[in-house]
Amino acid sequence: MGRAEERRERQRGGRRAAPQRSSGTPATGTGPEGGGRAAARRAARPAKGKGGIRRLFTWKKILGAFLGVCLLGIGSFIVLYLVVDVPEGNPDAQLQSNVYKYSDGSVLARTGEVNREMVDLSKVPTAVQHCFVAAENKTFYTDNGVDLRGTARGLLNTLSGKGAQGGSTITQQYVKNFYLNQDQTVTRKLKELVISLKVDQRMSKEDILAGYINTSYYGRGAYGIQAAAQAYYRVDAKNLSVQQGAYLAALMQAPSQYDWAVASDTGKRLAQQRWNYVLDNMVKQDWLNAGKRQAMKFPVPKEPRPAPGRDGQKGYLIALANQQLEQQLMKDQDLTQAQAERLVEGQGWNITLNIDKKKQAALEAAVKDQLTSKLDPKKRPVDKHVQAGAVSVDPKTGHVVALYGGEDYLKHYFSNATRRDYQPASTFKPVILAAALDEDSRTQDGRPITANTVYDGTSGRQVVDHGTKVGFGPPNEDDQNYGNITVQRAMNQSVNSVFAQMGVDVGMDNVMDVARKLGMDTKGMQSVPAQTLGSMGASPLEMAGIYATLDNHGRKVTPLIVKSAEQKDRTVKMADPIGEQVISREAADTVTSVLTGVVDDGTAKTSVRDNPQRNGQQVAGKTGTSDKNKSAWFTGYTPGLVTSVGLFGEDVSKNGQHVPLYEALGEPRVNGGGPPARIWAAYTFDVMGDVTKFDLETKQGAAVEPSTSPSVTESPSETPSETPTTTAPTVSESPSDTPSETPSQTPSQTPSQSPSDTPASREPTDGLSDNPLLPNTNDQ
């Protein structure tokens, strides 16, 4: 190789060595000039490692690899397109009865009669057809049936585990509903893509749209637009108005959450926003006149008519079981709420509940004996507004063993056991005490808050925050003044002024955080002093869970009604209802100890302590009566059973408006220590079994033997009007009725989530976006 060739080889980064020199032959380029050129060439030579990387990642190779991947993907898709054919679609044949059983295996109910009636697209007004296109897929009439970008996003989300996100066309949703299933897998999504392309080629847009609106699920057990039109507006599909059609189209995103009859305030707001979105899109597409659009009002749906076969309490039990199964499926498979509902309704599930058949019968009998048999609407018109709800939970397992949702599911569709639109009132006071004990809180003058801490129980006393009045001073029931009073006795008599001040001493942020830990849904609630009166919304199911956590020594209990759920060859594993330690055992046990005083020496002593069925059992509990007597509660527990009973004033004829319970059952005021406590006692003492006592790790409260030494040594946070005794306090003569917690003045700060006069049973599901303007993402 000549010198020039050698130089060019080196410049190319070659590794070919210079030719071997014979011994004694002078090296080429030796001497000053030759050495300089050799050094320059060596300096110009690329590093061995860098040269290797450059040779490996040349732009030609990268481009070639990219093209290879593209060709492989195209080839794979072609093969997939050729292999995957449009299957036979017959969703009616796939729908099967769901079987629901009691915990002992005996059959509770069998459901699954499909509420569907196929209608020709010509029977659906064109404007109503446009509602669905405007809601879900504005390019439906011009696209090729798939949204490649949305499908790709859905595939990436599935592979990365980000959940059911993305978008799909009406054609894709129809294919999924009619030919495939709701599984969130890559295989199903790829099949959906191919079948959608083929369906778009073989079927007209009109046939696809007809298939879509006839196979979709609208809630209330209705499949298809004809069943939905009857379920929500009592009309045939051909008679739907544009406003009604827009609401049915809006339902597709979240049928249960947007169902006006059971929607929360948030759900109603989102439903209306989605309805507006549909109509506004129609205007943009020139399918609706802007002037007519402005004149349209939201069409409130009619009350639902429950499906037959769910009479009595069956419907309430099934509704909660379906809801909890859907929530588990959403969590396990990253489904949307609408997808989960489709997977549960009429899909051949064998669902065993935790409901104990004997306890269920006993709870129903207790409500009948202590309440419904005594109602006389003809004699007392207010009696027709009395609604009862109850939930009973085993605190050791978290199982819902009995539930009462209302007089009859076919007569009162809305479950009183799970509704969250009534105030829990003073049943919230134990949460305040639990927060004080768990946080080792002190009064503002530095004294530890315990069962024996003395507060000023003057009715209407202004709450003070480090010397500044906060503008909130709730009165006690009947405006009774208690003077200086211990926390124990304040709990016994449900003294509002004491717990209002305690809430500020503890810090309302801490109080609401502990409420959340114990099981209350505090989303959207402000941490303000008025919450100390229990002025938020809560359900018997929710309150039973909170008290079960206290009964379980501070380990979280999330009440579960589903024992097992099986479908063909699959089994869904429900989440363990017993969770982690959320507050200390000492704090929980101390609250339990204090609550025994409410039963033995407080507002529940007549109905519970002196009940002839009681046989020495230890009982803890709390009464509650809300503002204007619109609700009354007793939530109580033994070591092995927790039951929350609520009575609610509801005028069904006025869309569930909240009304007072004054004079109901012939009583001047329906207090928590009255009918709710009597129902609780009749049920609990009938089913609880052997005499049991609480296993408490505490030195405080009514369940603890009094010490011989003085128990009250602190001074009250405000200057006392009377000097407290130095021995364990005794209960003075005072009303046994539950305080009504009716403020004499409007607090300057009020909760942001005060209950409305409209029923609301569900908060938005985590899987649902708060943005109702997004298209239905039932897939990706």
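All of these numbers come straight from a predicted model, not from anything done at the bench.

**Quick word on the overall build of the chain**
Secondary structure assignment for the chain yields 26 helices and 19 strands. By residue count, 55% of the 780 residues in the chain fall in the buried class. Looking at the chain alone, contacts between residues at least 24 apart form 75% of all its contacts between residues at least 6 apart. For the chain, the exposed area adds up to about 33500 Å²; of that, 49% sits on carbon and sulfur atoms.

**Looking at the pairing of strand β7 (residues 400-404)**
In terms of burial, β7 is a largely internal element, five of the five residues being buried. Relative to β7, strand β6 (residues 386-393) is paired through four bridges, and the arrangement is antiparallel. Within β7, the position partnered with Val391 by the bridge is Leu403. As consecutive antiparallel partners, β6 and β7 are separated by six residues, and within that stretch Gly398 has a phi angle of approximately 80 degrees, a positive value.

**A look at helix α22 (residues 508-518)**
When α22 is considered as a whole, its buried residues turn out to be Met508, Val511, Met512, Val514, Ala515 and Leu518. For α22, the arc enclosing every buried residue in end-on projection is 160 degrees, short of the 170-degree limit, so these residues lie on one face. The inward-facing, buried residues of α22 abut α19 (429-438), α21 (496-506), α23 (540-551) and β12 (555-557). Gly519, located one to two residues past α22, shows a positive phi value of around 130 degrees.

**Some points on the packing of aromatic side chains**
Each aromatic ring pair is summarised here by two numbers: the centre-to-centre distance and the angle between the ring planes. Going through the model one piece at a time under the given rule, you end up with 17 aromatic pairs. On the basis of an interplanar angle of 40 degrees and a centroid distance of 4.8 Å, the ring pair of Trp260 and Phe298 is categorised as tilted. In this pair, Trp260 sits in the loop between α13 (255-258) and α14 (265-284) while Phe298 sits in the loop between α15 (290-295) and α16 (314-333), placing the two residues 38 residues apart along the sequence. Judged by its relative accessible area of 15%, Phe298 falls in the buried class. The interplanar angle of 80 degrees and the centroid separation of 5.3 Å between the aromatic rings of Phe634 and Trp680 together place this pair among those described as edge-to-face. Highlighted residues: Phe634 in strand β17 (residues 631-638) and Trp680 in helix α26 (residues 675-687), separated in sequence by 46 residues.

**What to know about helix α24 (residues 585-601)**
Relative to the 24 Å expected for 17 residues at 1.5 Å per residue, α24 spans 24 Å between its end C-alpha atoms, a close match to the ideal helical length. Counting buried residues in α24 gives 13 out of 17 residues, a clear majority hidden from the surface.

**Considering the nonpolar core**
With 87 residues, the main nonpolar core has Leu325, Phe428, Met502, Leu518, Met520 and Ile561 as its most contacted residues. Looking at which element gives the most residues to this core, the answer is α16, with eight residues. Sequence-distant contacts of Leu325, that is, excluding residues within four places in its chain, are made with Val344, Trp349, Ile351, Val562, Ala565, Val572 and Met574. Core analysis: the next-biggest nonpolar cluster, separate from the first, contains 52 residues, Ala227, Tyr232, Leu248 and Trp260 among them.

**Re the packing of α19 against α21**
For any two helices packed against each other, the geometry is given by the interaxial angle and the distance between the axes. Packing of α19 against α21 leaves a shortest axis separation of 10 Å and a crossing angle of 35 degrees. Considering how the two elements wind past one another, α19 and α21 form a crossing that is left-handed. Counted together, Lys429, Ile432, Leu433, Ala435 and Ala436 of α19 and Asn496, Phe499, Met502, Gly503 and Val506 of α21 form the full contact between these two elements.

**Structural notes on the sheet that holds strand β1 (residues 98-101)**
Paired through backbone hydrogen bonds, the strands of a sheet run either parallel or antiparallel to each other. In space, the five strands of this open sheet follow the order β2-β1-β5-β13-β14, with mixed pairing throughout. Each edge of the sheet is formed by a strand with only one pairing partner; in this case those strands are β2 (107-111) and β14 (570-572). Direction aside, the axes of adjacent strands within the sheet are offset by 15 degrees on average. The pairing of strand β5 (residues 349-353) with strand β13 (residues 562-567) spans five bridges and is classified as antiparallel. Among the inter-strand pairings, Ile351 is bridged to a residue of β13, identified as Ala565.

**Digging into the packing of helix α8 (residues 170-178) against helix α10 (residues 205-215)**
Between α8 and α10, whose axes approach to 9 Å, the crossing angle comes to 55 degrees. What the angle tells us is that α8 and α10 run oblique. Judged by the twist between their axes, the crossing of α8 over α10 is left-handed. Listed contacts from α10 to Ile170, Thr171, Gln173, Tyr174, Asn177 and Phe178 of α8 are Ile208, Leu209, Gly211, Tyr212 and Thr215.

**Section: the pattern of salt bridges**
For the structure shown, the criterion picks out 22 salt bridges. Residue Lys205 is joined to Asp143 by a salt bridge in which the shortest nitrogen-to-oxygen separation is 3.1 Å. One end of the pair, Lys205, is in helix α10; the other, Asp143, is in the loop between α6 (126-136) and α7 (148-160), and 62 residues separate them in sequence. The class of Asp143 is buried, set by a relative accessible area of 15%.

**As for the confidence of the model for the chain**
Averaged over every residue, the pLDDT of the chain is 82; residues scoring 70 or more account for 74%. In this model residues 14-34 is a low-confidence stretch, pLDDT under 50, and it forms 16 contacts with partners more than four residues away in sequence or in other chains. Counting interchain partners and residues more than four positions distant, the pLDDT-below-50 stretch residues 717-769 has 174 contacts.

**Considering the side chain of Thr625**
Relative to the helices and strands, Thr625 resides in strand β16 (residues 620-625). A relative accessible area of 0% places Thr625 in the buried class. A distance of 3.4 Å separates polar atoms of two side chains, one belonging to Thr625 and the other to Asn671. From its side chain, Thr625 meets the backbone nitrogen of Gly672 in a polar contact 3.1 Å long.

**Notes on the pairing of β2**
Relative to β2, β1 runs antiparallel, the two being bridged by four bridges. What sits directly across from Tyr100, in β2, is Ala109. A loop of five residues connects β1 with β2, the two strands running antiparallel in sequence, and Gly105 in this loop sits at a positive phi of about 95 degrees.

Calculation notes
Residues numbered from 1 in each chain as written. Predicted model: local features only at pLDDT ≥ 70, side-chain atom pairs only at ≥ 80, totals over all residues. Heavy atoms only, no water. Helix = DSSP H or I, 4+ residues; strand = E, 2+ residues; numbered from the N terminus. Buried < 20%, exposed > 50% of the residue type's maximum accessible area, 1.4 Å probe, protein only. Contact = heavy atoms within 4.5 Å. Areas by Shrake-Rupley, 256 points an atom, 1.4 Å probe, with all protein chains shown as cover. Pairing = 2+ DSSP bridges. Arc of directions from axis to C-beta. Phe/Tyr/Trp six-rings, centres within 6.5 Å; stacked < 30°, edge-to-face > 60°. Expected span 1.5 Å × (residues − 1). Core = buried A, V, L, I, M, F, W, Y, C linked by side-chain atoms within 4.5 Å. Axes fitted to C-alpha atoms, helices over the stretch in contact; angles between N-to-C directions. Left-handed = near helix turned anticlockwise from the far one by under 90°. Parallel < 35°, antiparallel > 145°, perpendicular 65-115°, else oblique. Salt bridge = Lys/Arg side-chain N within 4 Å of Asp/Glu carboxyl O. pLDDT = per-residue confidence, 0-100. Polar contact = N/O pair within 3.5 Å; in protein donor to acceptor, adjacent residues only side chain to side chain.

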